[in-house]
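The residues making up each chain are set out below.
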Amino acid sequence: MGLSVENSVTESHSRSHKIFLVSNYLLLGAASSCIFLTLSLRLFPSLFGFFFILLHVIAIGGAVSGCSVAISGSNKWYLSHMVTMVLTSIFEGSVSVLIWTRTQDFLGYLKSYVREEDGVLILKLAGGLCVVVFCLEWVVLGLAFVLRYYAFVEGHGVGNGGSLKQRNGKVADEDLKNWPWPFQV
């Protein structure tokens, strides 16, 4: 009769999972767009340009791996995904601040071959996308945590600790029979 708690939890889990996937797709699009904007600056001989592109490649790899790691997978892969995404988002944020505050100097470090005014415009567009990637990475991190928590509570065997459903209930009563009598209450 009426709505059950189980149905609302499953519906909220499904909604969170859909938002998580859409956020990952948006993150993929923003990071790949930022790569293409960076490549349009023609900066292959630059070491800073290589690291700038590598930062976005790592963000794309984190978004792709995050789709499967957040719900299922071992704790090691989940931990490495979370650490990679946190570090990538910190670097994305710092690069975006650097682009917006010191555009001319940053363009000089990139050793671009395009005209300076065109390079400034392209770099400011890339900086805006870096801000979008920074925000999306934190949204993805929060949703990955929520999805992992839902999987843990629902008992899908995430991690080595089992789930709350496996630790509670009548199984605990059977385990107490093997304990010494002072502990059998």
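Residues numbered from 1 in each chain as written. Predicted model: local features only at pLDDT ≥ 70, side-chain atom pairs only at ≥ 80, totals over all residues. Heavy atoms only, no water.

**Let's talk about the packing of aromatic side chains**
Here is step 1: Inspection of every chain in the model, using the stated rule, returns 5 aromatic pairs.
Here is step 2: On the basis of an interplanar angle of 55° and a centroid distance of 5.5 Å, the ring pair of Phe50 and Phe51 is categorised as tilted.
Here is step 3: Judged by its relative accessible area of 46%, Phe50 falls in the partly exposed class.
Here is step 4: The class for Phe51 is partly exposed, based on a relative accessible area of 46%.
Here is step 5: When the centroid spacing of 6.5 Å and the interplanar angle of 75° are considered together, the rings of Phe134 and Trp138 count as edge-to-face. Of the two residues, Phe134 and Trp138 are both situated in helix 5 (residues 116-154); the distance of 4 residues between them amounts to about one turn of the helix.
Here is step 6: Residue placement shows Arg148 over the ring face of Tyr78; its charged tip is 4.4 Å from the ring centre. (Phe/Tyr/Trp six-rings, centres within 6.5 Å; stacked < 30°, edge-to-face > 60°. Buried < 20%, exposed > 50% of the residue type's maximum accessible area, 1.4 Å probe, protein only. Helix = DSSP H or I, 4+ residues; strand = E, 2+ residues; numbered from the N terminus. Lys NZ or Arg CZ within 6 Å of the ring centre and 35° of its normal.)

**A short note on the UniProt feature "transmembrane region" (unreviewed entry) in the protein**
Here is step 1: The UniProt record marks residues 21-41, 47-71, 78-101 and 121-147 with the feature "transmembrane region" (unreviewed entry), using the residue numbering of this structure.
Here is step 2: The straight-line gap between the two end C-alpha atoms of residues 21-41 is 31 Å; of that span, 90% is helix and 0% is strand. (UniProt positions renumbered as here; feature names shortened; annotations may be inferred.)

**Remarks on the pattern of salt bridges**
Here is step 1: Using the criterion set out here, one finds 3 salt bridges in the structure.
Here is step 2: Through salt bridges with shared partners, a single ionic network connects Arg115, Glu117 and Asp118. (Salt bridge = Lys/Arg side-chain N within 4 Å of Asp/Glu carboxyl O.)

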